[in-house]
Amino acid sequence: ETAARGAQVAVIAWVVQDGSHALLPVAVSLAVTLGKLVFRLWALRREGLLAPLPTPAARPAGEVSRDLARTSVWLWISLLGSLAFNAFDRWFVGAWFGTAVLAAYAVCVQLAQVPHALAAAAGQVLVPWAARQAGPGAGSHRRLLTTLGWTTALAALPSLLLLLIVQPLLGLWISPAFAAEHGGLARQLTLVFLLLSLNVPAYFLLLGLGHARFPTIVIGACGILFVAGAMLLPRELSTFVNLKAFFALLSLALPLGCALVLLGRARTAT
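No experiment lies behind these values; they were computed from the predicted model shown.

## Some thoughts on the overall build of the protein
What the protein contains, in helices and strands, is 12 helices and 0 strands. Written out in order from the N terminus, the α and β elements of the protein read α-α-α-α-α-α-α-α-α-α-α-α. Taken over 270 residues, the protein has a buried fraction of 37%. Counting contacts in the protein only where the partners sit at least 6 residues apart, residues at least 24 apart contribute 75% of the total. Counting only carbon and sulfur atoms, one obtains 71% of the accessible surface of the protein, whose full area is about 15000 Å².

Here you go:
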């Protein structure tokens, strides 16, 4: 995932700089997405999850495929909630404040979300690991709880580092004048994505444990409240930043819920 995202950004930056057609970046993104899908299907088949395993206790391939299909539906619904956080605010900023404000806002968001994207890419390895740890025994639950704790702390580190250098980075990327004018906004958005990064390990651990419904409900509810707030609150740029922070704070229910699930499993096992 990390390699694919890095290649996608590099190729898009190259084609945009080269002055290519506007649809070419879209085609690149689509090609990368399809490539990741093919690779994941290959990985699933290689691990024997899409074909019967040669052991009597193995689950039938059809049953595994149905579980994957159900989980995919929940993930798709969860994606709709994530779109409210990642796209809805830009639509309103552009409609209400014009392209100049939207451009500055989008640049700051683009930089602030990089640590979260890295954490999300790295956190995907927790899904198969959690699935392997989901067997009976209190030891596995303790390992899961410990992993939840230290991976949550690690997920916050990239955003904390960015907070220290976000304004100089803006100056190098855009210009010193832009950094001086919009550095405060970039720091606020970095804090927002710092909060959101704290949810990454819990989200993937819950998926690995077969709890796709709970993250979907949490993220969906956050998305609905975000959209409702944008419609009802005053039309100010600070409103969107505060709403994004509110979304991230509410989604902290994910690590709390994950911890409760693991504690409940540990009590049941004992």
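## Comments concerning the nonpolar core
Ranked by internal contacts, the top residues of the largest apolar core, which has 52 residues, are Tyr-105, Leu-170 and Leu-189. Of all the elements, helix 8 (residues 176-197) adds the most residues to this core, at 8 residues. Other than its neighbours up to four places away in sequence, Leu-189 contacts Tyr-105, Cys-108, Val-109, Ala-112, Val-241 and Lys-244.

## Notes on helix 6 (residues 126-133)
By the burial criterion, the buried members of helix 6 are Leu-126, Ala-130 and Gln-133. Buried residues along helix 6 cover an arc of 60 degrees about the axis, so they all sit on one side.

## So, the packing of aromatic side chains
Counting across every chain of the model gives 5 aromatic pairs. A centroid spacing of 6.4 Å and a plane angle of 45 degrees characterise the contact between Phe-92 and Phe-240, whose relative ring orientation is tilted. A residue pair is termed long-range when its members are at least 10 positions apart, and Phe-92 in helix 3 (residues 61-97) and Phe-240 in helix 11 (residues 237-250) qualify at 148 residues. Just as Phe-92 is buried, Phe-240 falls in that class too. Ring plane angle 85 degrees and centroid distance 6.3 Å describe the contact between Phe-226 and Phe-247, whose orientation is recorded as edge-to-face. Taken together, the residues span a long stretch of sequence, with Phe-226 in helix 10 (residues 213-232) and Phe-247 in helix 11 at a distance of 21 residues. The two residues Phe-226 and Phe-247 agree in class, both being buried.

## Focus: the packing of helix 4 (residues 99-112) against helix 8
Packing of helix 4 against helix 8 brings their axes to within 8 Å, and their N-to-C directions diverge by 50 degrees. In terms of axis orientation, helix 4 runs oblique to helix 8. The way helix 4 lies across helix 8 gives a crossing that is right-handed. From helix 4, Ala-104, Tyr-105, Val-107, Cys-108, Val-109 and Ala-112 reach across to helix 8, where they touch Phe-178, His-182, Leu-185, Ala-186, Leu-189, Thr-190 and Phe-193. Its residues placed into classes, the contact of helix 4 with helix 8 shows 11 nonpolar, 2 polar and no charged.

## Topic: the environment of Gln-110
Note that Gln-110 resides in helix 4. On the basis of relative accessible area, Gln-110 is assigned to the partly exposed category, the value being 38%. Put simply, Gln-110 and Thr-190 are 80 residues apart on the chain and 9.9 Å apart in space, counted from C-alpha to C-alpha. Look past the residues within four positions of Gln-110 in its chain and what remains in contact with it is Arg-90 and Trp-173.

## Quick look at helix 10
For helix 10, with 20 residues, the first-to-last C-alpha span of 29 Å sits near the 28 Å given by 1.5 Å per residue. Buried within helix 10 we find Pro-215, Thr-216, Val-218, Ile-219, Gly-220, Cys-222, Gly-223, Phe-226, Gly-229 and Ala-230.

## Brief notes about a nonpolar patch on the surface
Together, Leu-161, Leu-164, Ile-165, Leu-169 and Leu-172 make up an exposed nonpolar region whose accessible area comes to about 520 Å². Residue Leu-161 is classed as exposed on the basis of its relative accessible area of 53%.

## Here we look at the environment of Leu-250
Its place among the elements puts Leu-250 in helix 11. Sequence separation of Leu-250 and Leu-195 is 55 residues, and the distance between their C-alpha atoms is 9.8 Å.

## Considering the confidence of the model for the protein
Put simply, the protein has an average pLDDT of 80, and 80% of its residues get 70 or more. Predicted confidence is poor over residues 50-57, with pLDDT under 50, and the contacts of this stretch with residues over four places away or in other chains come to 11 contacts.

## Comments concerning the side chain of Ser-197
On the secondary structure map, Ser-197 appears in helix 8. Apart from the residues within four sequence positions on either side, Ser-197 is in contact with His-116, Ala-155 and Ser-159.

Criteria and cut-off values
- Residues numbered from 1 in each chain as written.
- Predicted model: local features only at pLDDT ≥ 70, side-chain atom pairs only at ≥ 80, totals over all residues.
- Heavy atoms only, no water.
- Helix = DSSP H or I, 4+ residues; strand = E, 2+ residues; numbered from the N terminus.
- Buried < 20%, exposed > 50% of the residue type's maximum accessible area, 1.4 Å probe, protein only.
- Contact = heavy atoms within 4.5 Å.
- Areas by Shrake-Rupley, 256 points an atom, 1.4 Å probe, with all protein chains shown as cover.
- Core = buried A, V, L, I, M, F, W, Y, C linked by side-chain atoms within 4.5 Å.
- Arc of directions from axis to C-beta.
- Phe/Tyr/Trp six-rings, centres within 6.5 Å; stacked < 30°, edge-to-face > 60°.
- Axes fitted to C-alpha atoms, helices over the stretch in contact; angles between N-to-C directions.
- Parallel < 35°, antiparallel > 145°, perpendicular 65-115°, else oblique.
- Left-handed = near helix turned anticlockwise from the far one by under 90°.
- Nonpolar A, V, L, I, M, F, W, Y, C, P; charged D, E, K, R; others polar.
- Expected span 1.5 Å × (residues − 1).
- Patch = residues over 30% accessible without salt bridge, like charges linked within 9 Å, V, L, I, M, F, W, Y side chains within 5 Å.
- Salt bridge = Lys/Arg side-chain N within 4 Å of Asp/Glu carboxyl O.
- pLDDT = per-residue confidence, 0-100.

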